[in-house]
Amino acid sequence: MRKQRRIGEALTIAGGIGIAIVGMLVNVPPVSYSGLCVLGLGVVSIFWR
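Run through the overall build of the protein chain, naming residues and quoting values.
Helix and strand counts for the protein chain come out as two helices and zero strands. Taken along the three principal axes of its C-alpha coordinates, the protein chain extends 40 × 15 × 10 Å. When burial is assessed residue by residue, the protein chain has 16% of its 49 residues classed as buried. Of the roughly 3,800 Å² of accessible surface on the protein chain, 77% is carried by carbon and sulfur atoms.

Okay, here's the thing in structure tokens:
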């Protein structure tokens, strides 16, 4: 179970980075901000116990 959680956190962080980059490439700031929010959720999930 712990390994699956770490994989999920890594996917969340990677997805957030991907969304933020796509938002910057298409020049749509709200998409970039939402990607940063997803990234933040992944980081918070790492430290949440």
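There is more to say after this.
Report on the pattern of salt bridges, specifying residues and quantitative values.
Applying the stated criterion across every chain yields a total of two salt bridges. The shortest N-O distance in the salt bridge between Glu9 and Arg5 comes to 3.1 Å. Placement of the pair is Glu9 and Arg5 together in helix α1 (residues 2–25), with a separation of four residues, close to one helical turn. Where Arg6 meets Glu9, a salt bridge forms, and the shortest distance between an N and an O atom there is 3.0 Å.

Any details on the packing of α1 against helix α2 (residues 29–47)? Residues and values, ideally.
Orientation of α1 relative to α2, taken along the N-to-C sense of each, is 160 degrees, at an axis distance of 7 Å. It follows from the interaxial angle that α1 and α2 lie roughly antiparallel. When the axes of α1 and α2 are compared, the crossing they make is left-handed. Here Arg5, Arg6, Glu9, Thr12, Ile13, Gly16, Ile17, Ile19, Ala20, Gly23 and Met24 of α1 come into contact with α2, specifically with Val31, Ser32, Ser34, Gly35, Leu36, Val38, Leu39, Gly42, Val43, Ser45 and Ile46. Class assignment for the residues of the contact of α1 with α2 results in 11 nonpolar, eight polar and three charged.

Criteria and thresholds
- Residues numbered from 1 in each chain as written.
- Predicted model: local features only at pLDDT ≥ 70, side-chain atom pairs only at ≥ 80, totals over all residues.
- Heavy atoms only, no water.
- Helix = DSSP H or I, 4+ residues; strand = E, 2+ residues; numbered from the N terminus.
- Buried < 20%, exposed > 50% of the residue type's maximum accessible area, 1.4 Å probe, protein only.
- Areas by Shrake-Rupley, 256 points an atom, 1.4 Å probe, with all protein chains shown as cover.
- Salt bridge = Lys/Arg side-chain N within 4 Å of Asp/Glu carboxyl O.
- Axes fitted to C-alpha atoms, helices over the stretch in contact; angles between N-to-C directions.
- Parallel < 35°, antiparallel > 145°, perpendicular 65-115°, else oblique.
- Left-handed = near helix turned anticlockwise from the far one by under 90°.
- Contact = heavy atoms within 4.5 Å.
- Nonpolar A, V, L, I, M, F, W, Y, C, P; charged D, E, K, R; others polar.

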